[in-house]
Amino acid sequence: MRILLARPPRPKQAITVSDFMFSEPIGLEMIYGLLKSDHDVEIFDMMVEKGSLKDKVLEYRPEAVGITSLCIDVEVVIALCREVKSVKADIVTLAGGTQAYLAPLSFADDSVDYIFEYVNGENIKTFFKEIGRGAEIPSLQGVRASSDGYKSHGPKGRNGYFLPDRQSTKKYRNEYSYFGYRPAAIMEYGIGCEKACDFCLRWRIEGYKEELLDLEITRKDLMSIEEGTIMLMDNDFFASELKIRIFLDLIRELGLRKNFLVYASVKGILDFEPLVREFKELGLKAVLVGYETFSDEELDIYRKKSDVSDNLKAAKILKDIGIDVWASFMAHPDWSADDFRKFRKYIGLLKPQTSSINPLTPFPNLPMYGKYKDRLIHSAEEYDKWSFGQVTIRPSNMSLRRYYYELMVTNLYVNLVVNSKTEMLRRFGIGNIARIVSGSMKTLSRYIKLMASAK
């Protein structure tokens, strides 16, 4: 069977981190790996490709088209499925990805034949085996069919982690990057997160319990990566001593000489400082740390397992070791202009190499959504508005326009004052810095447009 797997382009008006962290579509690479032995499969990454999906369908002539998604992609995915059907009505269309897991019925449309809530390996293999021989699809766990009103079958499951086939995106790989590291691959080593921050979707998708993936898959995955940089996308790489030691031993065993980037909690950095230092000697270059805010009260509300002083301690440790910090923060909707000034001062104390500042976003699938329901600017069905960069909660201490202004000023302060441009230039070179600056300018332009249209 001929199967086309597509990643949709990002809505132009959305503010996302894709201008700075543009990763490969690893979910599609896993599906490719599961299906390639029995089917003719191709990946079409529309975040890189300039051509239309319609033209690709006319060229490739697939019998099925599967499209992955995030929340902001719903309208785009439905439009793409309609485009596929306009070419040939009997092409089977499937919607999957994070949004299909969290809110599958958002894809309930005549153009979408099946919604894959999750892939456990067996369900997708069985699905395409039956489709390929023209059989009627039986009830499969994790698969909703338009023919029976998108009913759910079986208990809610979770996506599995399978060995990605990275050759499936070979023609795109030079485009995938993390800040100045390009090209860069991504992989997962452990799932779940017991820290369970209130605003986070990841642990709700992967589970509360922290556990390592199959070590043999991890070993094969590491050996298959040709790029010099690997981003480990675990919720918190420094979740436990055992987890860290197993990975460091594996690097030594395989003799890897790579640049490693990880997500890390402040608590993990403080608890396992000697292992952070050890990892530095084996290639750790940067950590993405969620400092979130300058307020202990807010950190407590977010259920972070650290306070403001812990953040400063962790920042000092990482600076002393010589590891770059890519910090993330959330602007609270109740901040005043004075709070923004305090926040900027706090970033100046932390001195990360680079920062992302996004407004607190209570996604429709979070308990936090109910807390702010009466102050929401956009409905849950305005899917393209639910990117991390757009304000969704009406500010309480200033107008929406002024709030966007404060966000813009803070981003300018971070980019022009806090970030060390000469250091970044030395590390990443003029080409990669130009890409980062271009991304910053796009974000600034979008904020100006949002500020101008705000009421």
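Residues numbered from 1 in each chain as written. Predicted model: local features only at pLDDT ≥ 70, side-chain atom pairs only at ≥ 80, totals over all residues. Heavy atoms only, no water.

*Asks:* Got a minute to help me understand a nonpolar patch on the surface in this structure?
*Replies:* A surface patch of nonpolar side chains, about 300 Å² in accessible area, is lined by L412, L416 and V417. Structurally, L416 can be placed in helix α15 (residues 400-418). (Patch = residues over 30% accessible without salt bridge, like charges linked within 9 Å, V, L, I, M, F, W, Y side chains within 5 Å. Areas by Shrake-Rupley, 256 points an atom, 1.4 Å probe, with all protein chains shown as cover. Salt bridge = Lys/Arg side-chain N within 4 Å of Asp/Glu carboxyl O. Helix = DSSP H or I, 4+ residues; strand = E, 2+ residues; numbered from the N terminus.)

*Asks:* Is there a simple way to explain the nonpolar core in this structure?
*Replies:* For soluble globular proteins, nonpolar side chains are generally found buried alongside one another. By size, the foremost hydrophobic cluster in this structure holds 98 residues, and its most contacted members are F127, F238, F279 and V287. For this core, the element with the highest residue contribution is helix α1 (residues 26-35), accounting for 7 residues. With near-sequence residues (within four places) excluded, F238 lies in contact with I244, V262, A264, G268, I269, F272, V276, F279, L284 and V287. (Core = buried A, V, L, I, M, F, W, Y, C linked by side-chain atoms within 4.5 Å. Buried < 20%, exposed > 50% of the residue type's maximum accessible area, 1.4 Å probe, protein only. Contact = heavy atoms within 4.5 Å.)

*Asks:* Explain the sheet that holds strand β15 (residues 324-331) here, please?
*Replies:* Read from one edge of the open sheet, 6 strands run β9-β12-β13-β14-β15-β16, paired in parallel fashion. A strand with exactly one partner marks an edge of an open sheet, and here the two such strands are β9 (185-187) and β16 (354-359). Strand after strand, the sheet turns through a mean of 20° between neighbouring axes, direction not considered. Contacts from helix α12 (residues 308-321) reach β14 (284-292) and β15 within the one sheet, and its direction differs from that of β14 by about 170°. (Pairing = 2+ DSSP bridges. Axes fitted to C-alpha atoms, helices over the stretch in contact; angles between N-to-C directions.)

*Asks:* Is there a simple way to explain α12 in this structure?
*Replies:* Helical geometry: 3.6 residues make up each α-helical turn, so side chains three or four residues apart lie on a common side. Its 14 residues give α12 an end-to-end C-alpha distance of 20 Å, which sits within 8% of 20 Å, the value for a rise of 1.5 Å per residue. Three or more residues of α12 are buried, namely V308, D310, N311, A314, A315, I317, L318 and I321. Looking one or two places after α12, you find G322, whose phi comes out positive at around 95°. (Expected span 1.5 Å × (residues − 1).)

*Asks:* Explain the pairing of strand β4 (residues 64-67) to me, please; I cannot follow it from the model alone.
*Replies:* It is a general feature of regular strands that their side chains alternate between the two faces of the sheet. What you see with β4 is no split at all: A64 and G66 on one side and V65 and I67 on the other are buried throughout. Pairing geometry for β4 and strand β5 (residues 92-95), over 4 bridges, is parallel. Residue V65 lies in a different strand from β5, and its bridge partner there is T93. Chirality of the crossover, the property in question, places the unit of β4, helix α3 (residues 74-87) and β5 among those that are right-handed. (Right-handed = clockwise from strand over helix to strand, strands pointing away.)

*Asks:* Honestly, the pattern of salt bridges in this entry has me stumped. Any pointers?
*Replies:* If you walk through the whole model with that rule in mind, you get 34 salt bridges. Across the pair R166 and E24 runs a salt bridge whose closest N-O atoms are separated by 2.9 Å. You can see R166 sitting in the loop between β7 (143-145) and β8 (177-178) and its partner E24 sitting in the loop between β2 (21-22) and α1, a full 142 residues away along the chain. With its nearest N and O atoms 3.3 Å apart, the salt bridge here joins E406 to R344.

*Asks:* Hey, could you run me through the packing of aromatic side chains in this one?
*Replies:* For the structure on display, the rule yields 20 aromatic pairs. Taking the centre distance of 5.6 Å and the plane angle of 45° together, the rings of F260 and F279 count as tilted. Residue F260 is located in strand β13 (residues 259-264), and its partner F279 is located in helix α10 (residues 273-281); the two are separated by 19 residues in the primary sequence. Take F260 and F279: they sit in the same class, and that class is buried. Ring centres 5.2 Å apart and planes at 75° place the aromatic pair F329 and F343 in the edge-to-face group. Residue F329 is located in strand β15, and its partner F343 is located in helix α13 (residues 337-350); the two are separated by 14 residues in the primary sequence. One aromatic cluster in this structure is built from Y291, F294, F329, W335, F340, F343 and Y403. A cation sits over an aromatic face here: R2 above Y60, 4.1 Å from the ring centre. The ring of Y101 carries K156 above its face, with NZ or CZ at 4.3 Å from the centroid. (Phe/Tyr/Trp six-rings, centres within 6.5 Å; stacked < 30°, edge-to-face > 60°. Lys NZ or Arg CZ within 6 Å of the ring centre and 35° of its normal.)

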